[in-house]
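One letter stands for each residue in the lines below.
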Amino acid sequence: MLITVTVGLDDEYEDTIVGTPQGGNISPLLANVMLNELDKELEARGLDFTRYADDLIIMVGIRQAAERVMKSVTRFIEEKLGLKVNAEKSKVDKPKGIKYLGFGFYYDTFAKGYKARPHPKAVAKFKAQMKKLTCRSWGVRNAYKVKKLNQLIQGWINYFKIGSMKGLCGRLDGQIRYRLRMCIWKHWKTPKNKEKNLVKLGVPRWAAHKVANTGNRIAHMCHNGWVQKAISNKRLAEYGLISMLDYYTAKCVTC
């Protein structure tokens, strides 16, 4: 059972008279200074916990103990430290109900314990950024899109590399390649140019002619086997696109 206690200002906008705005560059540093006494208190109680700035998780065995710790820790923070606990963000829950620094948790039956992985909200945010970078109407070169995709992939995996996400990376790889194929197919524009490029990339001329003159159904055509053969995973890698699965496998701390 997990208990999470988040300390900070309310989410309302206010004029700052004293202190520092929440979310500012110095805010995590000041949170560490202010909550150092809380760390000592939790250590003295023999509690298992993890804290980053003002985000805190305390791990206990049963719900009754979690609720008791929630009350006592909230009282310590507000009365001893003079801070306000954000009641909306604080809760008692099992690990699978917790979102912490972008991570979610699941029970691994083989390891017989809980493991971390990117929370669904973090995955949804990644997909939204990926779709923005692979928008067909974005008027930049495809090479630039690949460059920005690589930066997104590397940054995201470097942050979440302690999580278990091999399957997720494989699925996201497929979505990224599909959307990039759509960008390339649209970039080829005319049926004549599409046919020429398909032939150049190894598609028989009869098939290239048929595929190139099917119409302007970009999303449908990029599921076509001949298009996937021409703009293959290998060719996208040669073009510079990083594989999420390969990069994660090389960087992960625990798979």
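For every chain, the first residue of the written sequence is number 1, and numbering continues from 1 along that sequence. Restriction of local features to residues with pLDDT of at least 70 applies here, the model being predicted, together with a cutoff of 80 or more for giving and counting side-chain atom pairs; totals for whole chains, interfaces and linings are based on all residues. As a rule here, side-chain values come from all non-hydrogen atoms in the structure, and water together with hydrogens is ignored.

Undergrad: So what about the overall build of the protein chain? Which residues, and what values?
TA: A run of H or I in DSSP becomes a helix once it reaches four residues, and a run of E becomes a strand once it reaches two; helices and strands are each numbered from the N terminus. Helices and strands together make up the secondary structure of the protein chain, namely twelve helices and six strands. Each residue is placed in one exposure class: buried if its accessible area under a 1.4 Å probe, protein chains only, is under 20% of its type's maximum, exposed if it is over 50%, and partly exposed if it falls in between. Taking all 255 residues of the protein chain together, 40% fall into the buried category. Working definition of accessibility: Shrake-Rupley area with a 1.4 Å probe, residue cover restricted to the visible protein chains. Split by element, the accessible area of the protein chain, about 15,300 Å² in all, is 53% carbon and sulfur.

Undergrad: How would you summarise helix α2 (residues 36-44) if you had to cite specific residues and measurements?
TA: Each full turn of the α-helix corresponds to 3.6 residues, which orients residues three or four apart in the same direction. Every buried residue of α2 is listed here: Leu38, Asp39 and Leu42. Buried positions in α2, seen along its axis, are confined to an arc of 105 degrees and lie on one side of it. Structural note: α2 exposes Glu43 and Ala44 on the side pointing more than 90 degrees away from its buried face. For α2, the elements touching its buried residues are β2 (48-52), β3 (55-59) and α3 (63-80). Throughout, the arc means the angular range of directions from the helix axis out to the C-beta atoms. Any pair of residues with heavy atoms lying within 4.5 Å of one another is described as a contacting pair.

Undergrad: Run through the environment of Gln64, naming residues and quoting values.
TA: Topologically, Gln64 is positioned in helix α3. Among the residues examined, Gln64 registers a relative accessible area of 54% and is labelled exposed.

Undergrad: Quick one: what's the story with the environment of Tyr159, residue by residue and with numbers?
TA: Relative to the assigned elements, Tyr159 resides in helix α5 (residues 142-160). The class for Tyr159 is partly exposed, based on a relative accessible area of 43%. Along the sequence, Tyr159 and Pro118 sit 41 residues apart, while their C-alpha atoms lie 9.6 Å from each other. Among all residues touching Tyr159, those that are not within four sequence positions of it are Leu101 and Phe103.

Undergrad: Help me get a handle on the packing of α5 against helix α6 (residues 166-188), residues and values and all.
TA: At a closest axis distance of 11 Å, the pairing of α5 and α6 adopts a crossing angle of 170 degrees. On the basis of the axis angle, α5 is roughly antiparallel to α6. Classified by chirality, the crossing of α6 by α5 is right-handed. For the pair α5 and α6, contact is made by Asn142, Lys145, Val146, Leu149, Ile153, Trp156 and Ile157 and by Leu168, Cys169, Leu172, Ile176, Leu180, Cys183, Ile184 and His187, respectively. Under the convention adopted here, Pro, Cys and the residues Ala, Val, Leu, Ile, Met, Phe, Trp and Tyr are nonpolar, Asp, Glu, Lys and Arg are charged, and Gly plus all remaining residues are polar. Tallied by class, the residues present in the contact of α5 with α6 amount to twelve nonpolar, two polar and one charged. A fitted line through C-alpha atoms represents every axis, and for helices the fit uses only the stretch in contact; the resulting angles, taken between N-to-C directions, go from 0 to 180 degrees. The cut-offs work like this: below 35 degrees is roughly parallel, past 145 is roughly antiparallel, 65 to 115 is roughly perpendicular, and the gaps in between are oblique. Each crossing gets its hand from how the near helix is turned against the far one by less than a right angle, where anticlockwise is left-handed and clockwise is right-handed.

Undergrad: Describe the pattern of salt bridges, listing the residues and the values that go with them.
TA: Any Lys or Arg side-chain nitrogen found within 4 Å of a carboxyl oxygen on Asp or Glu counts as a salt bridge. Scanning the model with the defined rule gives seven salt bridges in all. Its salt-bridge partner being Glu67, residue Arg63 comes within 3.9 Å of it at the nearest N-O pair. Pair noted here: Arg63 and Glu67 are both in helix α3, with a separation of four residues, about one helical turn. You can call Glu67 partly exposed: its relative accessible area is 37%. A salt bridge links Glu195 to Arg205, with the shortest nitrogen-to-oxygen separation between them at 3.9 Å.

Undergrad: Please give an account of the packing of aromatic side chains that cites residues and values.
TA: We describe a pair of aromatic rings using the distance from one ring centre to the other and the angle between the two ring planes. Centres within 6.5 Å make a pair out of two Phe, Tyr or Trp rings, where for Trp the six-membered ring is used; the pair is then stacked when the planes are under 30 degrees apart, edge-to-face when over 60, and tilted otherwise. Tallied over the entire structure, the rule returns nine aromatic pairs. These aromatic residues form a ring-pair network of at least three members: Phe103, Phe126, Trp156, Tyr159 and Phe160.

Undergrad: Would you mind going over the nonpolar core in detail, with residue names and values included?
TA: Residue types Ala, Val, Leu, Ile, Met, Phe, Trp, Tyr and Cys, when buried and joined through side-chain atoms within 4.5 Å, form a set referred to as a nonpolar core. Ranked by internal contacts, the top residues of the largest apolar core, which has 46 residues, are Phe126, Trp156, Ile157, Trp185 and Met244. At the level of secondary structure, the elements contributing two or more residues to this core comprise β5 (103-108), α4 (120-133), α5, α6, α8 (205-212), α9 (218-221), α10 (225-230) and α12 (244-251). With ten residues, α6 is the largest single contributor of residues to this core. Residue contacts for Trp156: discarding those within four places in its chain leaves Pro118, Ala122, Val123, Phe126, Met165, Leu168, Leu172 and Met244. One finds Leu47, Leu56, Ile58 and Phe76 within the second-largest nonpolar core, a separate group that totals 17 residues.

Undergrad: Go over the pairing of β2, please, and point to the residues and values.
TA: Both β2 and β3 contribute to a ladder of five bridges, which runs antiparallel. Along β3, the bridge assignment pairs Tyr52 with Asp55. With antiparallel pairing between neighbouring strands as the criterion, β2 and β3 make up a hairpin whose turn holds two residues, including Ala53 at a positive phi of roughly 55 degrees. In this description, strands pair whenever DSSP reports at least two bridges between them.

Undergrad: Residue-level account of the confidence of the model for the protein chain, with values.
TA: Where the model shows low pLDDT, its predicted coordinates should not be examined in detail. Of the residues in the protein chain, 89% reach a pLDDT of 70 or more, and the chain-wide mean stands at 88. As a per-residue measure, pLDDT reflects the predictor's confidence and takes values from 0 up to 100. Note on residues 5-14: pLDDT is under 50 here. Beyond four places in sequence and across chains, it has 28 contacts.

Undergrad: Requested: an account of unusual backbone geometry, with residues and values cited.
TA: Unusually for a residue other than glycine, Ala53 sits at a positive phi of about 55 degrees. On the secondary structure map, Ala53 appears in the loop between β2 and β3. For Leu101, which is not a glycine, the phi torsion comes out positive at approximately 55 degrees. Checked against the element boundaries, Leu101 lands in the loop between β4 (91-93) and β5.

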